[in-house]
Amino acid sequence: MSQVILPELGEGIEKAMVSFWHCKVGDQVQKDSDLVELVTDKAAFNVAADQAGVVKEILVQEGEEAKIGQVLAVIE
Amino acid sequence: MKFVDLGLIDYQKAYDLQRSAVSDVIAGGEEQVFLCEHPSVLTLGRMSDERYILAPREDLAARGIEVLSIDRGGEVTLHAPGQLVVYPILDLKKYGKDLKQYMFQLEETGIGFLKSFGIDSIRNPGKTGVWSEGAGGHKKVISIGVGVKKWVSFHGMGINVSTDLKLFSLINPCGLGAPMASVESLTGRPCGLKKAKEVLIEKIKFNFIEGKFQYNT
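First, a word on scope: everything that follows refers to the structure included in this document. (Residues numbered from 1 in each chain as written. Chains lettered and ligands numbered in written order. Predicted model: local features only at pLDDT ≥ 70, side-chain atom pairs only at ≥ 80, totals over all residues. Heavy atoms only, no water.)

### Structural notes on the overall build of chain A
Part 1: A count of helices and strands for chain A gives zero helices and eight strands.
Part 2: Listing every helix and strand of chain A by position from the N terminus yields β-β-β-β-β-β-β-β.
Part 3: Taken against the 2.2 N^0.38 rule, which gives 11 Å for 76 residues, the C-alpha radius of gyration of chain A at 12 Å falls within 12% of a compact globule.
Part 4: Based on the C-alpha atoms only, the size of chain A along its principal axes is roughly 35 × 20 × 15 Å.
Part 5: Looking at chain A residue by residue over its 76 residues, the buried ones come to 46%. (Helix = DSSP H or I, 4+ residues; strand = E, 2+ residues; numbered from the N terminus. Rg over C-alpha atoms; globule rule 2.2 N^0.38 Å. Buried < 20%, exposed > 50% of the residue type's maximum accessible area, 1.4 Å probe, protein only.)

### Some points on the sheet that holds strand β8 (residues 71–75) of chain A
Residue and element names in this part refer to chain A.
Part 1: Read across the open sheet, the four strands follow the order β1-β8-β6-β3; overall the sheet is antiparallel. Every other strand in the sheet has two partners, leaving β1 (2–5) and β3 (28–29) as the edge strands with one partner each.
Part 2: Bridge count for strand β6 (residues 53–58) against β8 is three bridges, and the pairing is antiparallel. Among the inter-strand pairings, Glu57 is bridged to a residue of β8, identified as Val74. (Pairing = 2+ DSSP bridges.)

### A closer look at the interface of chain B and chain A
Part 1: Each side of the interface is counted separately: chain B has 24 residues, and chain A has 23 residues.
Part 2: The largest share of the area that chain B buries against chain A comes from B:Arg46, B:Met47 and B:Leu99, three residues that together contribute 31% of it.
Part 3: Where chain B touches chain A, the interface holds two salt bridges.
Part 4: Measuring nitrogen to oxygen at the nearest pair gives 3.0 Å for the salt bridge that ties B:Lys150 to A:Asp32.
Part 5: Along the contact surface separating chain B from chain A lie nine residue pairs in polar contact (both at pLDDT 80 or more). (Contact = heavy atoms within 4.5 Å. Buried area = accessible area lost by both parts, 1.4 Å probe. Salt bridge = Lys/Arg side-chain N within 4 Å of Asp/Glu carboxyl O. Polar contact = N/O pair within 3.5 Å; in protein donor to acceptor, adjacent residues only side chain to side chain.)

### Observations concerning the sheet that holds strand β5 (residues 77–79) of chain B
Residue and element names in this part refer to chain B.
Part 1: Taking strand neighbours across the sheet as the criterion, the three strands line up as β4-β3-β5 in an open arrangement whose pairing is mixed. This sheet does not close on itself; its edge strands, each paired only once, are β4 (66–69) and β5. Geometrically, the sheet is characterised by an average inter-axis angle of 25° between neighbouring strands, direction not taken into account. (Axes fitted to C-alpha atoms, helices over the stretch in contact; angles between N-to-C directions.)

So this is what it looks like as structure tokens:
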């Protein structure tokens, strides 16, 4: 099982908004495939899967904000 | 870093070239910077509010202006001939791995570009982009919106060089209700895209290759 974490995006950036999920619960995802897109100011940042697996949970929905380090999804 | 002049190119074709270049750079290939102009098109960033498009869709369609939803940050943006668009496909791990710093560096490039044409410009805190100073008040000259995948950048900046500024009445630029300006409107002199591209390449080299910029937030 692995957790998809909102990564460090730069100095002084404490949060970002989830703007788009490339997958949904139950989807099989490949290593390095795009999982979720985050928006901060004028940048859209994609987070990729660090392992292959099935999306077990999505914890932050599109349009919601999350803090750096927060768990966004779980892959099993 | 390779500079590629795409000339006047359809938005989607340039987007496809960007995505291909992003894959190349992720795989360790040479960084690329695309320079181009687009036929008139409106693009909506993620989380954009469609109410910022002021013109009725049928009017836009009649004028052949497409509306595209795309994967960059920012609100609605207009691209049109006379606007120099730059898409840097860069490995941001080499430039601080910091989204704010990258925006700052793009703004710094834009400020240096405008200075070459005798235009004083500034950042506007909380409103990413480059704004002219002067008697006419602050006007937006350069819009910025980027995408990042595995710390490789795409999308970039739109610099109004000789853009028909009346076209901006179709939208509420960036959702800010911002008055817009161009190099030509601010200097009162014609400015060709060829010259603008040469100056921009010089400023990108200065800020990104030679690293001669100071990051002070």
